[in-house]
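One-letter residues, chain by chain:
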Amino acid sequence: TVIFSKPVLGFDAGSVELENGTLSDFSAESAQLYRFTVMPLVQGPVTVNLPEGAAHDILGNPSLPGVLAREYRIMPAEGLMASSGLRRVVRLDWQAGAGAETYEVWRATDGAPELIGISGSTNYLDRAVEVGVEYFYRLRGVNPIGASEWSEGAWGWCRAARDDFTGNGLSDLWYYHAPNGTWYVIVGEGETARAQLGGPDTRPVPADYDGDGRADPMVYEPLSGYWAALLSGSGYQQVEVSGWGGPGSVPAPGDFDGDGLTDPAVYYEDAGLWRVWLSGSGYAEVAAHGLGGPGRQAVPGDFDGDGLADPCVYSAADGKWYIWESGSDYALRVINDWSLGGHVVIPVAGDYLGIGHDVPGLYYRESGLWYFRRADGTTRMEEFGHDAATPLMGDYDGDGVTDLGLIYRERFETIWQLLMSEEGYREVSGSFGRPRP
């Protein structure tokens, strides 16, 4: 903007001298007020020069000279943060740098950084990651003129996909036969692995308990608080412990301390009591009251994207989700009035939207309808299922998005049905868990 002390004549775009810039959108709003846009050619000093006599008043007196100089720089992004412990994804978040229109995302492990993507916003999901690898990220803000200096760096890592027994980044199909404690896991085309662990009155709770990137068979028996696991990182050596739980409890494991290992945990519905044995603290017990109660089911998950499991319960009676969010110092978050009522409802939290953290979900067994809660409060619905099936969600196609999965039995056959976000529908069947062509 140029403002003369009195009305002038003869001032136009050609009257302006520029160094390292181009002029556009020249307009005269009055005989004293003029506006135009200056775009830098490269980063560095930009000078707007009005020489003496660039305009003159009604008496022919020349205008005085004027100079405006500014340093133009694309500013780097600030506050870069990389997630730790999300499932098969590292999420990056940052604050915008002045002048940047897009951001180059660079990543390194041990060698030189490589450009892995471009983001037009202030976040990025890196799905090309492997369990057990720490990644170092930096950004450069970019516009047509050039690029900023490097942002500060941030380290991030991911955890294994749900039920990934083989460590290949995909969830595996599995079945637990409780009467004799036999596990069946499909580990390849036409190949099934078997393991013996558990028995009557035990519940399967597979997860990565030793941090090697593979799910470990684990069972929980509530009468005695007995846990037993076959740890893949130790050659499937069996480990067991008693007294971690008891009558009235259900298993609710998750990585509550963010060290990459799943922590054994139980939930007592009647008392609204959570007990967690933290692997990062030598399995010291932490107990907390006040979240839950009769009719409220445990659904732990990472609902705020900080890589830590959040204690959560779902109340089918009023359709409310109650979450202690770890990223907000365990402040209570309540998601209200989300239930159709009168149905057999199974809460199914997962990253169905591909946003890097879990969202509330419901499976209505009678109708086969799935509902997922978006951040803006709207609901996404999928019709997939029937009243004989039990949900078995996972990332079956490796795109980092939780896929819909069902398992059910027909006489001596186990049948899995999948609805994958990338690869669509697939069905696998087998006798006692063995795949059959």
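Residues numbered from 1 in each chain as written. Predicted model: local features only at pLDDT ≥ 70, side-chain atom pairs only at ≥ 80, totals over all residues. Heavy atoms only, no water.

Undergrad: Tell me about the overall build of the chain, and please be specific about residues and values.
TA: Secondary structure summary: the chain contains 0 helices and 39 strands in total. Here the chain has a C-alpha radius of gyration of 30 Å; the compact-globule value for 437 residues is 22 Å, and the former is much larger. Per-residue burial over the chain gives 47% buried out of 437 residues. Taking the intrachain contacts of the chain between residues at least 6 apart in sequence as the baseline, contacts between residues at least 24 apart amount to 41%. Here the chain has roughly 20,500 Å² of accessible surface; of this, 51% comes from carbon and sulfur atoms. The chain carries 29 positive and 62 negative side-chain charges, and their two centres are separated by 4 Å. (Helix = DSSP H or I, 4+ residues; strand = E, 2+ residues; numbered from the N terminus. Rg over C-alpha atoms; globule rule 2.2 N^0.38 Å. Buried < 20%, exposed > 50% of the residue type's maximum accessible area, 1.4 Å probe, protein only. Contact = heavy atoms within 4.5 Å. Areas by Shrake-Rupley, 256 points an atom, 1.4 Å probe, with all protein chains shown as cover. Lys, Arg positive; Asp, Glu negative; His and termini not counted. Charge placed at Lys NZ, Arg CZ, Asp CG, Glu CD.)

Undergrad: If you had to explain the pattern of salt bridges to someone new, which residues and values would you point to?
TA: All chains considered together, the criterion is met by 11 salt bridges. Lysine 6 is the partner of aspartate 57 in a salt bridge, and the nearest nitrogen-oxygen pair spans 2.8 Å. Pair noted here: aspartate 57 is in the loop between strand 5 (44-50) and strand 6 (66-72) and lysine 6 is in the loop between strand 1 (2-3) and strand 2 (17-19), with a separation of 51 residues, a long-range link. For aspartate 57, a relative accessible area of 5% gives the class buried. (Salt bridge = Lys/Arg side-chain N within 4 Å of Asp/Glu carboxyl O.)

Undergrad: I'd love a proper account of the packing of aromatic side chains, names of residues and values included.
TA: Between two aromatic rings, the relevant description is the distance of the centres plus the angle of the planes. Tallying each qualifying case throughout the model produces 25 aromatic pairs. Here tyrosine 220 and tryptophan 227 contribute two aromatic rings whose centre-to-centre distance is 4.7 Å and whose plane-to-plane angle is 45 degrees, an arrangement assigned as tilted. Accessibility assignment for this pair places tyrosine 220 and tryptophan 227 in one class, buried. Taken together, the ring pairs connect Phe4, Phe11, Phe26, Tyr34 and Phe36 into an aromatic cluster. Positioned above the aromatic ring of tryptophan 150 is the side chain of arginine 140, whose terminal nitrogen or guanidinium carbon lies 5.4 Å from the ring centre. Here arginine 296 stacks its cationic end above the ring of tyrosine 322, 4.2 Å away from the centre of that ring. (Phe/Tyr/Trp six-rings, centres within 6.5 Å; stacked < 30°, edge-to-face > 60°. Lys NZ or Arg CZ within 6 Å of the ring centre and 35° of its normal.)

Undergrad: Go over the nonpolar core with me, naming the residues and quoting the values.
TA: Burial of nonpolar side chains together is a common tendency in soluble globular proteins. The biggest cluster of nonpolar side chains holds 21 residues, and the ones touching the most others in it are Leu173, Trp174, Trp183 and Trp416. The set of elements that each furnish at least two residues to this core consists of strand 16 (174-177), strand 17 (182-188), strand 21 (226-231) and strand 37 (413-420). Tallying contributions element by element places strand 17 first for this core, with 4 residues. Core analysis: the second largest hydrophobic core is formed by 17 residues, Val90, Leu92, Tyr135 and Leu139 among them. (Core = buried A, V, L, I, M, F, W, Y, C linked by side-chain atoms within 4.5 Å.)

Undergrad: Run through the environment of proline 264, naming residues and quoting values.
TA: Looking at the element boundaries, proline 264 is found in the loop between strand 23 (249-251) and strand 24 (265-268). The sequence separation of proline 264 and methionine 420 amounts to 156 residues, and the corresponding C-alpha distance is 29 Å. Among residues more than four places away in sequence, those in contact with proline 264 are Tyr209, Trp227, Trp244, Pro253, Arg275, Val276, Trp277 and Tyr283.

Undergrad: Would you mind going over the sheet that holds strand 4 (residues 33-40) in detail, with residue names and values included?
TA: Pairing is antiparallel in the open sheet, where 3 strands are placed in the order 1-4-3. Of all strands in the sheet, those bounded by a partner on one side alone are strand 1 and strand 3 (21-28). Note that strand 1 and strand 4 share 2 bridges and pair antiparallel. Its bridge partner lying in strand 4, valine 2 is registered against tyrosine 34. (Pairing = 2+ DSSP bridges.)

Undergrad: An account of unusual backbone geometry is requested, with residue identities and associated values reported.
TA: Excluding glycine, a negative phi dihedral is what most residues carry, and trans is how most peptide bonds are arranged. A positive phi is found at aspartate 25, a non-glycine position, where the angle reads about 55 degrees. Its place among the elements puts aspartate 25 in strand 3. If you check the backbone angles, aspartate 201 has positive phi at about 75 degrees while not being a glycine. Tracing the chain through its elements places aspartate 201 in the loop between strand 18 (191-196) and strand 19 (203-204).

Undergrad: Please give an account of the confidence of the model for the chain that cites residues and values.
TA: Summary statistics for the chain give a mean pLDDT of 93 and a share of 97% for residues scoring 70 or more. Long-range and interchain partners of residues 433-437, a stretch whose pLDDT sits below 50, account for 18 contacts in this model, where long-range means more than four residues apart. (pLDDT = per-residue confidence, 0-100.)

Undergrad: With reference to specific residues and values, describe the sheet that holds strand 32 (residues 361-364).
TA: Sheets are built from strands paired through backbone hydrogen bonds, the pairs being either parallel or antiparallel. Strand order in the open sheet formed by 4 strands is 31-32-33-34, with antiparallel pairing between adjacent strands. A single partner strand is all that each edge strand has here, and the edge strands are strand 31 (345-347) and strand 34 (379-383). Between one strand axis and the next, the sheet turns by 20 degrees as a mean value, whatever way the strands run. Judged from the 4 bridges that link them, strand 32 and strand 33 (residues 369-373) form a sheet pairing that is antiparallel. From the neighbouring strand, tyrosine 364 faces strand 33, where its bridge partner is leucine 369. (Axes fitted to C-alpha atoms, helices over the stretch in contact; angles between N-to-C directions.)

Undergrad: So what's going on with the side chain of asparagine 49? Residues and values would help.
TA: Examined against the element boundaries, asparagine 49 turns out to sit in strand 5. One polar contact links asparagine 49 to glutamate 17, side chain to side chain, over a distance of 2.7 Å. Once residues lying within four places of it in the same chain are set aside, the contact partners of asparagine 49 are Ser15, Val16, Glu17, Gly66 and Val67. (Polar contact = N/O pair within 3.5 Å; in protein donor to acceptor, adjacent residues only side chain to side chain.)

Undergrad: Can you tell me about the pairing of strand 25 (residues 273-278), naming the residues and giving the values?
TA: Within strand 25, 6 of the 6 residues are buried, which leaves the element mostly enclosed by the surrounding structure. Covered by surrounding structure in strand 25 are Leu273, Arg275 and Trp277 together with Trp274, Val276 and Leu278, the residues of both alternating faces. Strand direction decides the pairing type here: strand 24 and strand 25, joined by 4 bridges, are antiparallel. Among the inter-strand pairings, tyrosine 268 is bridged to a residue of strand 25, identified as leucine 273. Count of turn residues in the strand 24/strand 25 antiparallel hairpin: 4 residues, of which glycine 272 carries a positive phi of about 65 degrees. Direction of pairing for strand 25 relative to strand 26 (residues 284-289): antiparallel, over a ladder of 6 bridges. By the bridge assignment for strand 26, leucine 278 is matched with alanine 284. The turn joining strand 25 and strand 26, which pair antiparallel and follow one another in sequence, is formed by 5 residues; a positive phi near 65 degrees is taken by glycine 282.

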